[in-house]
Amino acid sequence: MTAHDSFPLGQPAFVTHVLDRAAHLRSDDDKLFKLESRRDARAYVVHRDSLVTARQADGVRALLTIDEALGFGANSGTIFLGLRDGAPLFGMGIAAAAVDKLLTRDDVAVAELRGMAMQGAVPAEELSAIAMAKSMVSWHQRHGYCANCGTRSVMSQGGWRRDCPNCKAEHFPRTDPVVIMLVTKGDNCLLGRQKHFPQGMYSCLAGFVEAAETIEDAVRREVFEESGIRCGEVAYYMTQPWPYPSSLMIGCSAQATTEDVVVDHSELEDARWFSRDEAMLMHHRRHPDGLTGAHPFAIAHHLLGRWLHPPA
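Throughout what follows, the structure given in this document is the object of discussion.

Cut-offs and rules
Residues numbered from 1 in each chain as written. Predicted model: local features only at pLDDT ≥ 70, side-chain atom pairs only at ≥ 80, totals over all residues. Heavy atoms only, no water. Helix = DSSP H or I, 4+ residues; strand = E, 2+ residues; numbered from the N terminus. Rg over C-alpha atoms; globule rule 2.2 N^0.38 Å. Buried < 20%, exposed > 50% of the residue type's maximum accessible area, 1.4 Å probe, protein only. Contact = heavy atoms within 4.5 Å. Areas by Shrake-Rupley, 256 points an atom, 1.4 Å probe, with all protein chains shown as cover. Lys, Arg positive; Asp, Glu negative; His and termini not counted. Charge placed at Lys NZ, Arg CZ, Asp CG, Glu CD. Salt bridge = Lys/Arg side-chain N within 4 Å of Asp/Glu carboxyl O. Pairing = 2+ DSSP bridges. Phe/Tyr/Trp six-rings, centres within 6.5 Å; stacked < 30°, edge-to-face > 60°. Lys NZ or Arg CZ within 6 Å of the ring centre and 35° of its normal. Core = buried A, V, L, I, M, F, W, Y, C linked by side-chain atoms within 4.5 Å.

**Overview of the overall build of the chain**
Alright, step 1. Counting its regular elements, the chain contains 8 helices and 16 strands.
Alright, step 2. Relative to the compact-globule value of 20 Å for 312 residues, the chain shows a C-alpha radius of gyration of 21 Å, a close match.
Alright, step 3. Dimensions of the chain, computed from C-alpha atoms along their principal axes, come out at roughly 60 × 50 × 40 Å.
Alright, step 4. Of all 312 residues assigned to the chain, the portion counted as buried reaches 49%.
Alright, step 5. In the chain, the share of contacts with a sequence separation of at least 24, taken over all contacts with a separation of at least 6, comes to 65%.
Alright, step 6. Element-wise, carbon and sulfur atoms account for 50% of the exposed surface of the chain, whose accessible area totals about 15,300 Å².
Alright, step 7. Taking the average location of the 32 positive side-chain charges in the chain and that of its 39 negative ones, the two points are 5 Å from each other.

**Concerning the pattern of salt bridges**
Alright, step 1. Counted according to the given criterion, the structure contains 16 salt bridges.
Alright, step 2. When the shortest N-O distance is used, the salt bridge between glutamate 269 and arginine 193 registers 2.7 Å. Of this pair, glutamate 269 sits in the loop between strand E15 (247–256) and strand E16 (270–275) while arginine 193 sits in strand E12 (residues 188–193), and the two are 76 residues apart along the sequence.
Alright, step 3. A salt bridge links arginine 221 to glutamate 213; the nearest nitrogen and oxygen atoms lie 2.7 Å apart.
Alright, step 4. Relative accessible area serves as the criterion here: at 16%, arginine 221 is assigned to the buried category.
Alright, step 5. The network of salt bridges with common partners includes Glu210, Glu213, Arg221, Glu222 and Glu225.

**Some remarks on the sheet that holds strand E8 (residues 154–156)**
Remark on secondary structure: sheet strands pair via backbone hydrogen bonds, oriented parallel or antiparallel.
Alright, step 1. Taken in spatial order, the 3 strands of this open sheet run E8-E9-E10, and their pairing is antiparallel. Of all the strands in the sheet, just E8 and strand E10 (170–171) have a single pairing partner and so form its edges.

**Quick word on unusual backbone geometry**
Alright, step 1. Here tyrosine 244 and proline 245 are connected by a cis peptide whose omega angle stands at -5°.
Alright, step 2. In this fold, proline 245 is placed in the loop between strand E14 (231–242) and E15.
Alright, step 3. Of note in this structure, alanine 22 is not a glycine but carries a positive phi near 45°.
Alright, step 4. Note on placement: alanine 22 falls in the segment before helix H1 (29–36).
Alright, step 5. Judged by relative accessible area, alanine 22 falls into the buried class, the value being 3%.
Alright, step 6. Of note, lysine 168 is a non-glycine position whose phi angle comes to about 70°, a positive value.
Alright, step 7. Tracing the chain through its elements places lysine 168 in the loop between strand E9 (161–163) and E10.

**Considerations on the packing of aromatic side chains**
Alright, step 1. What the rule picks out here adds up to 7 aromatic pairs.
Alright, step 2. On the numbers, 5.4 Å between centres and 75° between planes, the contact of phenylalanine 14 with phenylalanine 297 is edge-to-face. Here the residue phenylalanine 14 occupies a position in the segment before H1, and phenylalanine 297 occupies one in the loop between helix H7 (276–283) and helix H8 (299–308), the gap between them amounting to 283 residues. When sorted by exposure, phenylalanine 14 lands in the same class as phenylalanine 297, which is buried.
Alright, step 3. Summarising the aromatic geometry, the rings of tryptophan 242 and phenylalanine 297 are spaced 5.5 Å apart at their centres and angled 65° between planes, so their arrangement reads as edge-to-face. One end of the pair, tryptophan 242, is in strand E14; the other, phenylalanine 297, is in the loop between H7 and H8, with 55 residues separating them in the sequence. The residues tryptophan 242 and phenylalanine 297 share a single accessibility class, namely buried.
Alright, step 4. Each member of the aromatic cluster is reached from another via a ring pair, and the members are Phe7, Phe14, Trp242, Tyr244 and Phe297.
Alright, step 5. Lying over the aromatic face of tyrosine 145, arginine 152 brings its terminal NZ or CZ to 5.1 Å of the ring centre.
Alright, step 6. Its end group placed over the ring of tryptophan 307, arginine 276 keeps NZ or CZ at 4.1 Å from the ring centre.

**Here we look at the nonpolar core**
Alright, step 1. Grouped together as the largest cluster of nonpolar side chains are 51 residues, with contacts concentrated most on Phe14, Leu127 and Phe297.
Alright, step 2. For this core, the leading source of residues is helix H5 (residues 127–142), giving 8 residues.
Alright, step 3. Filtering out sequence-adjacent residues up to four positions away, phenylalanine 14 remains in contact with Leu113, Leu127, Ser128, Ala131, Gln240, Pro241, Trp242, Pro243, Tyr244 and Phe297.
Alright, step 4. Core analysis: the second largest hydrophobic core is formed by 23 residues, Val52, Leu64, Ala74 and Ala98 among them.

Pasting the structure below:
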């Protein structure tokens, strides 16, 4: 099985949920401590956009025992992710100094999560829990102080809340909604590329939903701002959690009512219309000029694939 086979149409990365989140256990510190002490307890250790894994003869193993994680230098404060087949699963952060010490070891690998997932180094069914761990660790690292009074806050509810000991404010992790859309007009679709994209790659347009804005209006606004194209009908397809740092990609299709592209070069390097035949070659990585669509890891690939291969 190739990395592409890991993400069949309609199943991008981070969407396979195999955990019982067991939210009722988050408020019971004694039970959580006992769960963490169990022999079958496991953890994912996250450092920024990377994952700390155990190197094995046949590849890497992301799911670590608690002792392994602590032995690698992971922080002792754990985030309760839930239960997998009854076994407790946690997310843990790790300091940069500890990671530096791991880089010289033969039994440990520290690699960027996106690359590992795209290469199939981590089983697709583990990516949802890893995304949860990554988002939560990142949130705690960026929200250590009360936004209300500035006092250092403390972790509670198994890592799903931070409490201020001074003003008693409660802080919860947030998810940022992002619209990502395939714009079509007849047998043509609109794709764009940013400067940091791999050479030759074009993808769907995307942008954050603003305050008091509907998903449909966000789609129309973002498309117009980035490409000058006006859209009418907007339809929802599916969502993809995106732990960079903690977004929810809301996949949509949009029908264009205009054709003249005016690229906002502060947002995009290029945007243009592609015929269905050309998009098919890009989607299957057979374009004679080396142009490609997004990797199956990303929801953009599935938006384009659904248009090219509509359900019967």
